[in-house]
Amino acid sequence: MKTVKVLGSGCRNCTTTAQLIEEQAKALGVAVTIEKVTDLGQIMAYGVMRTPGVVVDGKVVHAGGVPRADAIASWLAG
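Residues numbered from 1 in each chain as written. Predicted model: local features only at pLDDT ≥ 70, side-chain atom pairs only at ≥ 80, totals over all residues. Heavy atoms only, no water.

**Student:** Mind laying out the pairing of strand S4 (residues 59–63), listing which residues take part and the relevant values?
**Tutor:** Two elements, strand S3 (residues 53–56) and S4, share four bridges in a ladder whose sense is antiparallel. Counterpart to valine 56 in the pairing with S4 is lysine 59. Linking S3 to S4, which pair antiparallel, is a turn of two residues; within it aspartate 57 sits at a positive phi near 50 degrees. (Pairing = 2+ DSSP bridges. Helix = DSSP H or I, 4+ residues; strand = E, 2+ residues; numbered from the N terminus.)

**Student:** Residue-level account of a nonpolar patch on the surface, with values.
**Tutor:** Among the surface-exposed residues, Leu40, Met44 and Met49 lie close enough to one another that they form a single nonpolar patch of about 360 Å² accessible area. Residue classification places leucine 40 among the exposed residues on the basis of a relative accessible area of 60%. (Patch = residues over 30% accessible without salt bridge, like charges linked within 9 Å, V, L, I, M, F, W, Y side chains within 5 Å. Areas by Shrake-Rupley, 256 points an atom, 1.4 Å probe, with all protein chains shown as cover. Salt bridge = Lys/Arg side-chain N within 4 Å of Asp/Glu carboxyl O. Buried < 20%, exposed > 50% of the residue type's maximum accessible area, 1.4 Å probe, protein only.)

**Student:** Break down the pattern of salt bridges for me, with residues and values.
**Tutor:** Taken as a whole, this structure holds two salt bridges when the rule is applied. A salt bridge links lysine 2 to aspartate 57, with the nearest nitrogen and oxygen atoms 3.5 Å apart. Here lysine 2, found in strand S1 (residues 2–7), pairs with aspartate 57, found in the loop between S3 and S4; they are 55 residues apart in sequence, far enough to count as distant. Its relative accessible area of 45% is what places aspartate 57 among the partly exposed residues. Between aspartate 70 and arginine 68 there is a salt bridge, and its shortest N-O distance comes to 3.0 Å.

**Student:** Describe in detail the environment of glutamine 42, supporting the description with residues and values.
**Tutor:** One can find glutamine 42 in helix H2 (residues 40–45). By relative accessible area, which is 41% here, glutamine 42 ends up partly exposed. In the structure, glutamine 42 is positioned 34 residues away from glycine 8 in sequence and 9.9 Å away in space, judged by C-alpha atoms.

**Student:** Break down the sheet that holds strand S2 (residues 32–37) for me, citing the residues and quoting the values.
**Tutor:** One open sheet accounts for four strands, arranged S2-S1-S3-S4; its pairing is mixed. Each edge of the sheet is formed by a strand with only one pairing partner; in this case those strands are S2 and S4. Taking the axes of each pair of neighbouring strands and ignoring which way they run, one obtains an average angle of 20 degrees across the sheet. Where S1 meets S2, six bridges bridge the pair, whose relative direction is parallel. When the sheet's bridge partners are listed, lysine 2 is paired in S2 with valine 32. (Axes fitted to C-alpha atoms, helices over the stretch in contact; angles between N-to-C directions.)

Note that all results are geometric; they support no functional claim without further evidence.
Shown next as C-alpha cells:
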C-alpha cells in the first residue's frame, strides 16, 4: 500500500489532485491511503512552497498545479 499526502490549503486544485490520484490508483489497481495535509507548518517541513504538493511514501514528487495523469501513474507504479 502506498501512502500519499496532498499538501495544500484545501483549494479546488488540491481537491482535484486528490481525486485524480484516487482515480489513477483505482485504474491501476494500486492500494493507496490519501491524507490531506492543510497545516502550513507541515507543508513547509516538506520544503513545498507552491501547492498542491504531493508526497508519495515520504518523498515529495510534485509541487504547484494539478499534476498530469501520466505523472500520477508513474508515481504509483514506482
